[in-house]
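Reading the structure
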Amino acid sequence: MTAALHAPHIDYAGLSPLLALSGGVCVTLLLGLARGPGTRMLVTASALLTLAAATTLAAWQFGENKSLVEGALRADDLALSLDFVFYAAAACALILSLRDPGTSHASLGDYSALLLTSVTGMTVLAGATNLVTLFLGIELLSIPLYVMCAVDLHRRTSLESGLKYLVIGSVGSATLLYGLAFIYGATGSTDFGPIAHAVGRSGIAHDPLLLTGIALAAAGLAFKASVAPFHQWTPDVYQGAPTPVTAFMAVATKAAAFAIILRFFDVAIHPAKGDWDVALAALAVASIAIGNIGAIGQDSMKRLLAYSGVAQAGYMLAGVVVGTSLGLKSVVFYLFVYLLMNVAAFAVVIARERETVLGDDIEAVRGIGASRPALAWPLTISMLALAGFPGTAGFIGKFFLIEATVQGDFTWLGVVIVIGSMLSLAYYLRVVAAVWMQPGAEPVRATPVMAGGSAEASPTGPRAGGVQLEVVAIAVIAAAAVVAFGIIPSPLLDVASDAARAVFG
Amino acid sequence: MLSILIFLPLAGGIAAALWPGSGEHGGRRAGYVSLLFAMTTLGFAIGLILDFDAGFGGISNVTGLQHVTDVNWIPQLGIHYKIGVDGLSLFMIALTTLLWAGATAWSSFREWPKARNYYLMLALGETAVLGAFCAQDLALFVLFFDLMLVPFYFLIGIWGGERRVEATTKFVIYTLVGSFLMLAGAVATGILSAHGGHVSFVLSDLRAHPLSKGTQEWIFLFFAAAFLVKMPAFPLHGWLPDAYRAAPTPVLVVLSGVLSKVGAYGFLRIALPIYPDAAVQFQELLLVIALVSILYGSVMAFSQNSATLVVAYSSIAQLGFITLGIFSLRPEGAQGAILQMVNHGLVVAPLFFIIALLAARAGGTDDLRRMGGLAFRAPVLAALFLIVALATLAMPGSANFAAEFLILNGVLKAKIVYAIVAGAGVVFAAVYMIRLFQRSMHNPLARGAESRDMTLTDGVVLVPVVLVILALALYPQFVLHRSQNAINTSLPREILIIR
């Protein structure tokens, strides 16, 4: 009897984005050891190059749709299209951190390397088709984020934010792991394929073990996606973390969480859709309601965007609930749009944080319509797009989601989205009104109290320090893209269609 | 070709926003650039009317659409960029371009802070309205319909009078609540009427595959809510007094003259043809709303001291008449409604301009108690005002008279009781318009009020509009003939003939 041990076939091409990222982490970390005036630029450039390489490789692999590592990972269009979101968000976060007083305390290579590690975790997560890779991906993305939140050592809120995220994130992970163990126990497999088979055979309603497992796993994933009622950490952590980190978390973490939510619900347990769709719809409604109501009356822009993110997660969850190809398409499309809208908003918040002493308070953007049109327009476009005004990609995104709910026999959920959008006007328009319709605050440029008085806070003197071109550029580009894709959404829709085809055939 | 018409104003707005020149001078120039584009658009629209095939004899093409552009815009969503013009939209387009040209001209003779943004927003508004009137795809219509809000939100909120931010917030929240409901309804219409997995929002496709009656009913109510808020009609008019008081005059002119018509137009273009069963089902409800709007608007108009609000509430009453005509579900009523839509736009614009002139002479207030005694010292202004006022109260011989006659005729044939009550509204109109004219023109000159006639530049804006009123009074058939065919093809046959 010859027990030949076959070495597993490794598809290096399919893994190439992951390999590029892992290599980039090491290189970036090592480059950070160099001491010199240009190290910061060098490290950032290395990290950006890594992301560019990963993006190129992902684009190269697009359309291949293959399984890797014995079915533990898939490099399909769903994973790859969302990889683009992660990479873009990470690149923006890197550029926004370039002159950030908060993140400059971290030793130079660490911050960028942590960011890349987190992106690696997201890439794993988006492709996960196995419970083990799922968990691996989630931890790999979360642990660097705990550190990145607390990276601003001189500010208590940043430390508090990191600790809070660590504790709550761990609870979320533990819940998820517990649930995954139950699912394994009930179905006897960790691969999504056999799980789908087992679920399809018996349903989940009659099997308490499986039902508990799925409920716990869903709760764990809801923590990560900040879906109500598991969202409580979001406003505090968002507010405390350095703003570029917040921007990255708001966009990339949410996209990663939705990547796995899509794959978990729409692939692994899709055959028992009738058993979970109403429960998930309830979560969506709760998110829409709590997010939109919570955001009203927030004076901190970051908290406002955090609650808005909870509400937007609810909208996207509606696309998951219907469990159709159209639903998946609409969620992927919305994630693209969500990236652009939030990056624009956060870039403006960051710019104003550095220009004034008002931090992320809504006061900081008051009257910038007259004084800073290059920031006022992106913020306005972002807010209108988040509210779903036509002419922006946000409108197409909402249209698409509603279309998916109606087609999936969840018309009432579409109406809930609409009602949520109405509520959201109260706070989005408040920002727009502050920008355009109120007299501006005095342009104060003093030592940034919030940032702890770092020497690098104003590298080019007070006046020029007021205008950080790279931040403004990101805001303008993201906002322009929001408008452009609002008029010509077809390119993004094509990518989203490919993603849906990879899953539903 | 229609696309040029739609996007020409926006191009002008962008040109004005980017035109070189700084400070006050630059603002002026931006105004003239914008005016040039607005006039070109108006010329384009006149060309459209002259070129329009009225289809006498009634056996021209079936849909009656002309200058159609149909591009498969977002194939993944089934949204077409389909635009066209027919007898329903032709005069709406003309009215829009005329009033916008007037508003832009009025603006460009005055100074505005942040003028570049102002003209950009004004132009964006025109593009959105023209788009809504031309759209032949439900999703496209919704898009333009909602897009209108953005510029008006800023126009009132930035350049408005006192309490402008509250006013504009209220305005946008009211209208967007309706719009979002409409969005949900529109998506549902497209998906539910899909045949063979092929989703389409093109209006003619939607008409060819009507929804079941139950579905029609809730979607119709969503659309009705959006349109009634926009008009506004009685229970949904809460935004009107604040927004009208806060809006700067040129914005007020287009808001009242054109935007309110988009709602009424929406009934004719969308609600009746696509949800015919529901329209019959809710006919009584809409007639009651129309009637209450007429009575409420008239009573409120009579009791206001602010001249702006007199006209504002009279608008509610006039729009009530239009709704009444539409929901008589009779060809005469619908025709009267179209004519009245044009008429109302034409009279309300000069009314608001004149009120602004009067307010300037009364120390900046539009309070009727502070005005008066202008008739002899400002004869030209007074004469124009008289013509407009008489048209508004539907003096026999005016086009408004013809329109209201047609509307009442239609209602009389459909539901006689409503016609009798509505007849009272005609009388009320005379009462509040005469009060407005008398208080501002004939009372003894109020203390502190100046009395001088209007300037040449004011005349340039006012006189052409008044001339159009006179022309229509002499020859209302011009509108009626061109809309007749469209009414017969646009309105569902089962509604018009069975009853």
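Residues numbered from 1 in each chain as written. Chains lettered and ligands numbered in written order. Predicted model: local features only at pLDDT ≥ 70, side-chain atom pairs only at ≥ 80, totals over all residues.

A short note on the nonpolar core
Residue and element names in this part refer to chain A. Short version of the rule: Core membership is restricted to buried Ala, Val, Leu, Ile, Met, Phe, Trp, Tyr and Cys residues, and these are joined into a nonpolar core through C-beta atoms within 7 Å. Exposure classification rests on a simple neighbour count of other C-beta atoms within 10 Å of a residue's own: a residue reaching 20 or more is buried, one at 12 or fewer is exposed, and one in between is partly exposed. C-beta atoms are placed from the backbone. Helix numbers and strand numbers start at the N terminus; a helix is a DSSP run of H or I with at least 4 residues, a strand a run of E with at least 2. Any residue pair is listed as a contact if its two C-beta atoms, each placed from the backbone, are within 7 Å.
Among the nonpolar cores identified, the biggest contains 411 residues, and Ala 89, Ala 90, Val 343, Ala 344 and Ala 347 are the most heavily contacted of them. No other element matches helix α13 (residues 325–355), which puts 22 residues into this core. Those residues in contact with Ala 347 that lie beyond four places of it in its chain are Leu 96, Val 471, Ile 474, Ala 475 and Ala 478.

Comments concerning the environment of Gly 213 of chain A
All names here are of chain A. In this structure, Gly 213 sits in helix α8 (residues 208–224). Of the residues examined, Gly 213 has 24 C-beta atoms within 10 Å and is grouped as buried. Placed 34 residues apart in sequence, Gly 213 and Gly 179 show a C-alpha to C-alpha distance of 3.9 Å. Dropping the residues within four chain positions of it, Gly 213 is found in contact with Gly 179, Phe 182, Ile 183 and Ala 186.

Section: the confidence of the model for chain B
Residues and elements named next belong to chain B. As a reminder of what qualifies: Note: pLDDT gives the predictor's confidence per residue, expressed from 0 to 100.
Summary statistics for chain B give a mean pLDDT of 83 and a share of 93% for residues scoring 70 or more. Counting interchain partners and residues more than four positions distant, the pLDDT-below-50 stretch residues 57–62 has 4 contacts. Predicted complex, confidence summary: ipTM 0.83, pTM 0.88.

Concerning helix α3 (residues 87–108) of chain B
As a reminder of what qualifies: For a helix, the expected span equals 1.5 Å multiplied by the number of residues minus one.
Helix length check: α3 of chain B (22 residues) gives 32 Å between terminal C-alpha atoms against 32 Å at 1.5 Å per residue, within 8%. Of all 22 residues in α3 of chain B, 22 are buried, a share of seventy percent or more.

Some remarks on the interface of chain A and chain B
The accessible area lost on association of the parts is a frequent measure of interface size. Our working rule: In this classification, the charged set is Asp, Glu, Lys and Arg, the nonpolar set is Ala, Val, Leu, Ile, Met, Phe, Trp, Tyr, Cys and Pro, and all remaining amino acids, among them Gly, are polar.
Each side of the interface is counted separately: chain A has 27 residues, and chain B has 24 residues. Every element with two or more residues in the side of chain A that touches chain B is listed here: α16 (393–407), α17 (411–437) and α20 (490–504) of chain A. Sorting elements by how many residues they give to the side of chain A that touches chain B places α17 of chain A first, with 11 residues. Looking at the side of chain A that touches chain B residue by residue, the class counts come to 19 nonpolar, 7 polar and 1 charged.

Description of helix α4 (residues 115–134) of chain B
Here α4 of chain B is 20 residues long and its end C-alpha atoms lie 29 Å apart, about the 28 Å a rise of 1.5 Å per residue gives. α4 of chain B sits mainly inside the fold: 20 of its 20 residues count as buried.

As for the packing of α4 of chain B against helix α6 (residues 149–159) of chain B
Axis angle and axis distance: for two packed helices, these are the angle between their axes and the distance between the axes, and together they describe the pair. Residue and element names in this part refer to chain B. Formally: Lines fitted to the C-alpha atoms define the axes, with helices restricted to the stretch that makes contact. Angles between their N-to-C directions range from 0 to 180 degrees. Helix crossings are classified by the rotation of the near helix relative to the far one: an anticlockwise turn of less than a right angle makes the crossing left-handed, while a clockwise turn makes it right-handed.
At a minimum axis separation of 8 Å, α4 and α6 run at an interaxial angle of 150°. In this structure, α4 crosses over α6, and the sense of that crossing is left-handed. Of the residues in α6, those touching α4 at Tyr 118, Met 121, Leu 122, Leu 124, Gly 125 and Ala 128 are Val 150, Pro 151, Phe 152, Phe 154, Leu 155 and Trp 159. Counted by class, the contact of α4 with α6 contains 11 nonpolar, 1 polar and no charged residues.

Some words on the pairing of strand β1 (residues 66–74) of chain B
Here is the rule we go by: In this analysis, strands are considered paired if DSSP registers two or more bridges between them.
As defined by bridge partners, β1 of chain B adjoins strand β2 (residues 79–85) of chain B across 5 bridges and the pair is classed as antiparallel. Its bridge partner lying in β2 of chain B, Thr 69 of chain B is registered against Ile 83 of chain B.

Comments concerning the pairing of β2 of chain B
Among the 7 residues in β2 of chain B, 6 count as buried, and that is most of the element. Turn length for the β1 of chain B-β2 of chain B hairpin, with the two strands adjacent in sequence and antiparallel, is 4 residues, and the turn residue Gly 78 of chain B shows positive phi of about 75°.

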